Amino acid sequence: MTVFEKIVAGEIPCKKVLENEKFLAFYDIAPKATIHVLAIPKKCVKDFQEADPKLLGELSGFIQEVVRVLGIEQSGYRIISNIGTHGGQEVPHLHFHILGGQKLGSF
Ligand code: AMP
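Read on for a plain summary of the structure. (Residues numbered from 1 in each chain as written. Predicted model: local features only at pLDDT ≥ 70, side-chain atom pairs only at ≥ 80, totals over all residues. Heavy atoms only, no water.)

1. A closer look at the overall build of the chain
So, step 1. When you go through the chain residue by residue, the secondary structure sums to three helices and five strands.
So, step 2. Reading the chain from its N terminus to its C terminus gives the helix and strand order α-β-β-β-α-β-α-β.
So, step 3. Along the first, second and third principal axes, the C-alpha atoms of the chain reach 35 × 30 × 30 Å.
So, step 4. For the chain, with 107 residues in total, the buried portion stands at 39%.
So, step 5. Considering only contacts within the chain whose residues lie at least 6 apart along the sequence, 57% involve residues at least 24 apart.
So, step 6. With the model as given, the accessible surface of the chain reaches about 6,600 Å², and the carbon-plus-sulfur share is 52%.
So, step 7. The distance from the centre of the 12 positive side-chain charges to the centre of the 12 negative ones in the chain is 4 Å. (Helix = DSSP H or I, 4+ residues; strand = E, 2+ residues; numbered from the N terminus. Buried < 20%, exposed > 50% of the residue type's maximum accessible area, 1.4 Å probe, protein only. Contact = heavy atoms within 4.5 Å. Areas by Shrake-Rupley, 256 points an atom, 1.4 Å probe, with all protein chains shown as cover. Lys, Arg positive; Asp, Glu negative; His and termini not counted. Charge placed at Lys NZ, Arg CZ, Asp CG, Glu CD.)

Have a look at this one:
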(Lines give C-alpha, C1' and ligand atoms only; values in the text may rest on other atoms or scores of the structure.)
Protein backbone atom coordinates (compact mmCIF):
# COMPACT_ATOMS: atom_id res chain seq x y z
CA MET A 1 0.00 0.00 0.00
CA THR A 2 1.49 3.39 -0.96
CA VAL A 3 1.66 6.27 1.50
CA PHE A 4 -0.99 8.03 -0.62
CA GLU A 5 -3.35 5.03 -0.38
CA LYS A 6 -2.92 5.25 3.39
CA ILE A 7 -3.83 8.95 3.24
CA VAL A 8 -6.92 8.13 1.16
CA ALA A 9 -7.87 5.42 3.68
CA GLY A 10 -7.47 7.90 6.55
CA GLU A 11 -4.63 5.89 8.11
CA ILE A 12 -2.20 8.80 7.69
CA PRO A 13 -3.46 12.37 8.25
CA CYS A 14 -3.23 15.05 5.60
CA LYS A 15 -3.99 18.75 5.27
CA LYS A 16 -6.79 18.51 2.76
CA VAL A 17 -7.48 21.18 0.12
CA LEU A 18 -10.25 19.55 -1.90
CA GLU A 19 -11.83 16.13 -2.34
CA ASN A 20 -14.47 14.49 -4.47
CA GLU A 21 -15.49 10.90 -5.15
CA LYS A 22 -12.44 10.17 -7.33
CA PHE A 23 -9.70 12.62 -6.37
CA LEU A 24 -7.99 14.18 -3.37
CA ALA A 25 -5.72 17.22 -3.03
CA PHE A 26 -3.61 17.89 0.04
CA TYR A 27 -0.54 19.90 1.07
CA ASP A 28 2.87 18.29 0.48
CA ILE A 29 4.61 17.41 3.73
CA ALA A 30 7.92 18.86 2.48
CA PRO A 31 6.92 21.95 0.48
CA LYS A 32 9.21 23.11 -2.33
CA ALA A 33 7.31 26.41 -2.79
CA THR A 34 5.08 28.73 -0.75
CA ILE A 35 2.13 26.68 -1.97
CA HIS A 36 2.82 23.02 -2.70
CA VAL A 37 -0.18 20.76 -3.07
CA LEU A 38 -0.47 17.22 -4.43
CA ALA A 39 -3.47 16.07 -6.47
CA ILE A 40 -4.03 12.30 -6.69
CA PRO A 41 -6.62 9.82 -7.86
CA LYS A 42 -8.02 7.88 -4.88
CA LYS A 43 -7.63 4.62 -6.78
CA CYS A 44 -3.93 3.83 -7.11
CA VAL A 45 -2.47 4.07 -10.60
CA LYS A 46 1.33 3.82 -10.69
CA ASP A 47 2.13 6.88 -12.77
CA PHE A 48 1.15 9.18 -15.65
CA GLN A 49 2.28 6.65 -18.25
CA GLU A 50 0.03 3.91 -16.83
CA ALA A 51 -3.00 6.16 -16.42
CA ASP A 52 -6.12 6.01 -18.57
CA PRO A 53 -6.32 9.24 -20.63
CA LYS A 54 -9.95 9.63 -19.49
CA LEU A 55 -8.81 9.62 -15.86
CA LEU A 56 -6.11 12.17 -16.70
CA GLY A 57 -8.76 14.41 -18.27
CA GLU A 58 -10.90 14.23 -15.14
CA LEU A 59 -7.86 14.82 -12.95
CA SER A 60 -7.02 17.90 -15.04
CA GLY A 61 -10.47 19.34 -14.30
CA PHE A 62 -10.00 18.56 -10.61
CA ILE A 63 -6.61 20.33 -10.61
CA GLN A 64 -8.25 23.42 -12.15
CA GLU A 65 -10.74 23.40 -9.26
CA VAL A 66 -7.94 22.99 -6.70
CA VAL A 67 -6.12 25.96 -8.23
CA ARG A 68 -9.28 28.07 -7.86
CA VAL A 69 -9.64 26.99 -4.21
CA LEU A 70 -6.00 27.99 -3.64
CA GLY A 71 -6.68 31.34 -5.35
CA ILE A 72 -3.64 31.16 -7.61
CA GLU A 73 -5.38 30.97 -10.98
CA GLN A 74 -4.44 34.60 -11.81
CA SER A 75 -0.93 34.71 -10.32
CA GLY A 76 0.04 31.45 -12.01
CA TYR A 77 1.46 28.14 -10.92
CA ARG A 78 3.32 25.07 -12.11
CA ILE A 79 2.13 21.47 -12.33
CA ILE A 80 4.62 18.62 -12.40
CA SER A 81 4.27 14.85 -12.46
CA ASN A 82 7.44 12.85 -11.87
CA ILE A 83 7.50 9.50 -13.63
CA GLY A 84 9.79 6.57 -12.82
CA THR A 85 13.46 6.50 -11.89
CA HIS A 86 14.75 9.17 -14.25
CA GLY A 87 11.75 11.35 -13.46
CA GLY A 88 12.60 11.22 -9.75
CA GLN A 89 9.30 9.66 -8.68
CA GLU A 90 9.40 8.58 -5.03
CA VAL A 91 5.80 7.54 -4.46
CA PRO A 92 4.46 5.00 -7.03
CA HIS A 93 0.95 6.47 -7.02
CA LEU A 94 0.09 8.99 -9.76
CA HIS A 95 0.25 12.54 -8.46
CA PHE A 96 0.60 16.04 -9.76
CA HIS A 97 2.54 18.62 -7.79
CA ILE A 98 0.84 22.06 -7.86
CA LEU A 99 3.41 24.73 -7.01
CA GLY A 100 2.71 28.42 -6.63
CA GLY A 101 2.30 31.37 -4.29
CA GLN A 102 5.62 32.83 -5.44
CA LYS A 103 7.63 33.43 -8.61
CA LEU A 104 9.14 30.04 -9.35
CA GLY A 105 12.65 29.59 -10.74
CA SER A 106 13.12 28.42 -14.30
CA PHE A 107 14.76 25.13 -15.15
P1 AMP B 1 7.51 12.37 -6.03
O2 AMP B 1 8.98 12.52 -5.79
O3 AMP B 1 7.03 13.07 -7.27
O4 AMP B 1 7.06 10.94 -5.96
O5 AMP B 1 6.81 13.18 -4.86
C6 AMP B 1 6.32 12.60 -3.70
C7 AMP B 1 5.94 13.73 -2.79
O8 AMP B 1 5.14 13.21 -1.74
C9 AMP B 1 7.12 14.46 -2.14
O10 AMP B 1 7.09 15.85 -2.50
C11 AMP B 1 6.89 14.24 -0.65
O12 AMP B 1 7.24 15.37 0.13
C13 AMP B 1 5.39 13.97 -0.60
N14 AMP B 1 4.93 13.21 0.55
C15 AMP B 1 5.42 12.02 1.00
N16 AMP B 1 4.73 11.60 2.09
C17 AMP B 1 3.77 12.54 2.31
C18 AMP B 1 2.73 12.69 3.29
N19 AMP B 1 2.53 11.78 4.25
N20 AMP B 1 1.93 13.78 3.22
C21 AMP B 1 2.12 14.71 2.25
N22 AMP B 1 3.08 14.63 1.30
C23 AMP B 1 3.90 13.56 1.33
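2. A few points about the state of the cysteines
So, step 1. The full count for this structure, using the stated rule, is zero disulfides.
So, step 2. We note that C14 lacks a disulfide partner, and the nearest cysteine sulfur, in C44, lies 16 Å from it. (Disulfide = S-S within 2.5 Å.)

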